[in-house]
Amino acid sequence: MPWKFLHSRAAAVPALAAVALAVAACGSSSSSTSSAGGSSAATTSAASSSSSKLPSTINVTAVQDMSGPVAYVGKNVVQGLQLAANQINSSGLLHGSKIVLTVKDTGSVVSTATSQFASAVGSNAVAIFGPLLSQEALATAPLAERASVADIAIESQVDGLLEIGPYIYRATSSQLRFDNLIPEAVAPKLGSNKTVRILTLSDTPTLVQAAAQMTKKFEALGVKVLGTIGTPITTTDFSSLATKLESGNPGAIGLLLIGTANPAAVTALRNTGYKGVLFGNEAATNGSLKPAGAAADGFIYSVDYNPGLTFPSAVAFTKLFTSKYPGQVPNGYNATGYDAMNEFAHAIALSGDASRSGVQKGMQMLIKSGGLNGAIGPEKFTGTGNRDLSVAGTLVVWNGSAEKVLKVGNPNLTLQP
């Protein structure tokens, strides 16, 4: 049974109709190259009339972190990319053309990301889904800009990325757009002890920026921030850091970490007897807190997507994903990968041209249309060159086995107040 949901949000492009989500076979492969299949959509008359220009196959490359400390993110992103490509290939959106997705592994190493990205630039890929880590994205984006190939960055949320040039797009809303939801929830829980200390990854620019933003918001709410402690992404032992974080008995401690560092830090703090409020960032999602057991109960953070979202487009994606992958709970990385592939495909449908210049033209047309209603809900293009994605964001709390939605941001805002 199809669910219609993904569509251009502006009346300026009324002919870009809803995509009908069909549950289609989606085989992921362990090889570096896979072709996918699956959705149906009506396109603009311009795209329809120029459909003969589209080749039988359309090549796109994802340069993603499939190994290394954020491999769990990369693998989920690619799962979303493949699910969307599968739909599109069987939909008619591209008039029989098939998207062929090639995946290259960065290993979460900047030099590897750069070499893999350079290889993709030199290939027949008409666009590239850029790497996850901020430092990787900043290093690779100039390669795309010089080659005039669209770099659709996924999960790379650092400021300054889009300023590199007009071929750089962000397919994931920066957590900085909805992280203010966290202090708003934490502050009322502090009682008379209105103090906070924050731990962040010193070599991950987005999280450094998130710490600075949260500090401002806490201070605006009358909460004193005792300071921010930085640690490298390679940190695995948090026992000594726990002592530093607890100094002065802050009412809450923020852990702006990635992956397995989250449960490790939570466990270290609770083992020392800390009983205050703990909060983090969206990298705590996807069940990352499970290894901490009961120690992580009550951990507060914000995400771009949660299966509990009630936006019609988000509900449709959740139903599609769970039908395809029974027993697997979809996460924000699946959703952003899915939406990124749809942005790419709709750009080609709009321009009727699957060349690199056609993708660039189509992305600009998609921006002018106002955006999409996607797996994460209503999406807007904003920021530098209107190439930055904005979503409402969702505040959640970890209850020991799953995320519970506390509050959904305002989709009409591009920055939650």
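Keep in mind that this is a model prediction, so the values were computed, not measured.

Q: Mind showing me how you'd approach the overall build of the protein chain here?
A: Counting its secondary structure elements, the protein chain contains 11 helices and 20 strands. Counting the 417 residues in the protein chain, one finds 60% classified as buried. Sequence separation of at least 24 residues holds for 70% of the intrachain contacts in the protein chain that already meet a minimum separation of 6. Of the roughly 14300 Å² that the protein chain leaves accessible, carbon and sulfur atoms contribute 54%.

Q: Can you walk me through the pairing of strand S11 (residues 224–231) in this structure?
A: Walk down a regular strand and you will see the side chains alternate between the two sheet faces. Pairing geometry for strand S10 (residues 195–201) and S11, over 7 bridges, is parallel. Among the inter-strand pairings, Thr 195 is bridged to a residue of S11, identified as Lys 224.

Q: Whenever I open this one, the nonpolar core confuses me. Can you help?
A: Burial of nonpolar side chains together is a common tendency in soluble globular proteins. Leu 81, Leu 94, Phe 129, Leu 255, Phe 279, Met 341 and Phe 344 are the most contacted members of the largest nonpolar core, which totals 112 residues. Grouped together as the second largest cluster of nonpolar side chains are 15 residues, Ala 141, Val 149, Ala 153 and Leu 161 included.

Q: Is there a simple way to explain the pattern of salt bridges in this structure?
A: Between side chains of opposite charge, pairing is possible as soon as their charged atoms come close. On inspection of all chains with the given rule, the structure shows 3 salt bridges. Taking the shortest distance from any N to any O, the salt bridge between Arg 170 and Asp 388 comes out at 2.6 Å. One end of the pair, Arg 170, is in strand S9 (residues 168–170); the other, Asp 388, is in strand S18 (residues 388–390), with 218 residues separating them in the sequence. Between Glu 184 and Lys 217 there is a salt bridge whose closest N-O contact spans 2.9 Å. Taken together, the positions of Glu 184 in helix H5 (residues 181–186) and Lys 217 in helix H6 (residues 205–220) put the pair 33 residues apart, joining distant regions of the chain.

Q: Explanation requested: the pairing of strand S20 (residues 403–408) in the structure shown.
A: Across 5 bridges, the pairing between strand S19 (residues 394–398) and S20 is antiparallel. From the neighbouring strand, Trp 398 faces S20, where its bridge partner is Glu 403.

Q: Which parts of the structure should I look at to understand the packing of helix H2 (residues 71–89) against helix H10 (residues 332–351)?
A: Working note: a packed helix pair is described by the angle between its axes plus the distance between those axes. With their axes 7 Å apart at the nearest point, H2 and H10 run at an angle of 40° to one another. As far as their axial angle goes, H10 and H2 are oblique. Of the two elements, H2 crosses H10, and the hand of that crossing is right-handed. Here Tyr 72, Val 73, Asn 76, Val 77, Gln 79, Gly 80, Leu 81, Leu 83, Ala 84, Ala 85, Gln 87 and Ile 88 of H2 lie close against H10, whose contacting residues are Tyr 333, Asn 334, Thr 336, Gly 337, Tyr 338, Ala 340, Met 341, Asn 342 and Ala 345.

Q: Can you walk me through helix H3 (residues 110–121) in this structure?
A: Think of an α-helix as 3.6 residues a turn; residues three or four steps apart then line up on the same face. Taking 1.5 Å per residue as the helical rise, H3 with its 12 residues ought to reach 16 Å, and the 16 Å between its terminal C-alpha atoms agrees with that figure. All of the buried residues along H3 are Ala 113, Phe 117, Ala 120 and Val 121. Buried positions in H3, seen along its axis, are confined to an arc of 95° and lie on one side of it.

Q: Just checking my understanding: could you explain the packing of H2 against helix H9 (residues 312–324) for this structure?
A: Closest axis-to-axis distance for the H2/H9 pair is 12 Å, and the angle between their directions is 95°. As the angle between them shows, H2 and H9 are arranged roughly perpendicular. In this structure, H2 contributes Gln 79, Leu 83 and Gln 87 to the contact, and H9 contributes Phe 317, Leu 320, Phe 321 and Lys 324.

Q: I keep staring at unusual backbone geometry and nothing clicks. Help me out?
A: Keep in mind that most residues, glycine aside, have a negative phi and that most peptide bonds are trans. Not every positive phi belongs to a glycine, and Ser 108 is a case in point at roughly 60°. When you line up the elements, Ser 108 lands in the loop between strand S6 (98–105) and H3. Residue Ser 108 is classed as buried on the basis of its relative accessible area of 15%. For Ser 148, which is not a glycine, the phi torsion comes out positive at approximately 55°. Within the secondary structure layout, Ser 148 lies in the loop between helix H4 (134–147) and strand S8 (150–153).

Q: Quick question: what am I supposed to make of the packing of aromatic side chains here?
A: In this description, an aromatic ring pair is defined by two values, namely the gap between the centres and the angle between the planes. A complete count under the given rule lists 8 aromatic pairs for this structure. Their ring planes at 80° and their centres at 5.6 Å tell us that Tyr 305 and Phe 317 sit as a pair that is edge-to-face. Separated by 12 residues along the polypeptide, Tyr 305 in the loop between strand S14 (300–303) and H9 and Phe 317 in helix H9 bring together distant segments of the chain. Exposure class is identical for Tyr 305 and Phe 317. Each is buried. An aromatic cluster of three or more residues is present, and its members are Tyr 305, Phe 317, Phe 321, Tyr 325 and Tyr 338.

Cut-off values and rules
- Residues numbered from 1 in each chain as written.
- Predicted model: local features only at pLDDT ≥ 70, side-chain atom pairs only at ≥ 80, totals over all residues.
- Heavy atoms only, no water.
- Helix = DSSP H or I, 4+ residues; strand = E, 2+ residues; numbered from the N terminus.
- Buried < 20%, exposed > 50% of the residue type's maximum accessible area, 1.4 Å probe, protein only.
- Contact = heavy atoms within 4.5 Å.
- Areas by Shrake-Rupley, 256 points an atom, 1.4 Å probe, with all protein chains shown as cover.
- Pairing = 2+ DSSP bridges.
- Core = buried A, V, L, I, M, F, W, Y, C linked by side-chain atoms within 4.5 Å.
- Salt bridge = Lys/Arg side-chain N within 4 Å of Asp/Glu carboxyl O.
- Axes fitted to C-alpha atoms, helices over the stretch in contact; angles between N-to-C directions.
- Parallel < 35°, antiparallel > 145°, perpendicular 65-115°, else oblique.
- Left-handed = near helix turned anticlockwise from the far one by under 90°.
- Expected span 1.5 Å × (residues − 1).
- Arc of directions from axis to C-beta.
- Phe/Tyr/Trp six-rings, centres within 6.5 Å; stacked < 30°, edge-to-face > 60°.

Read these as layout, nothing more, since geometry by itself doesn't imply function.
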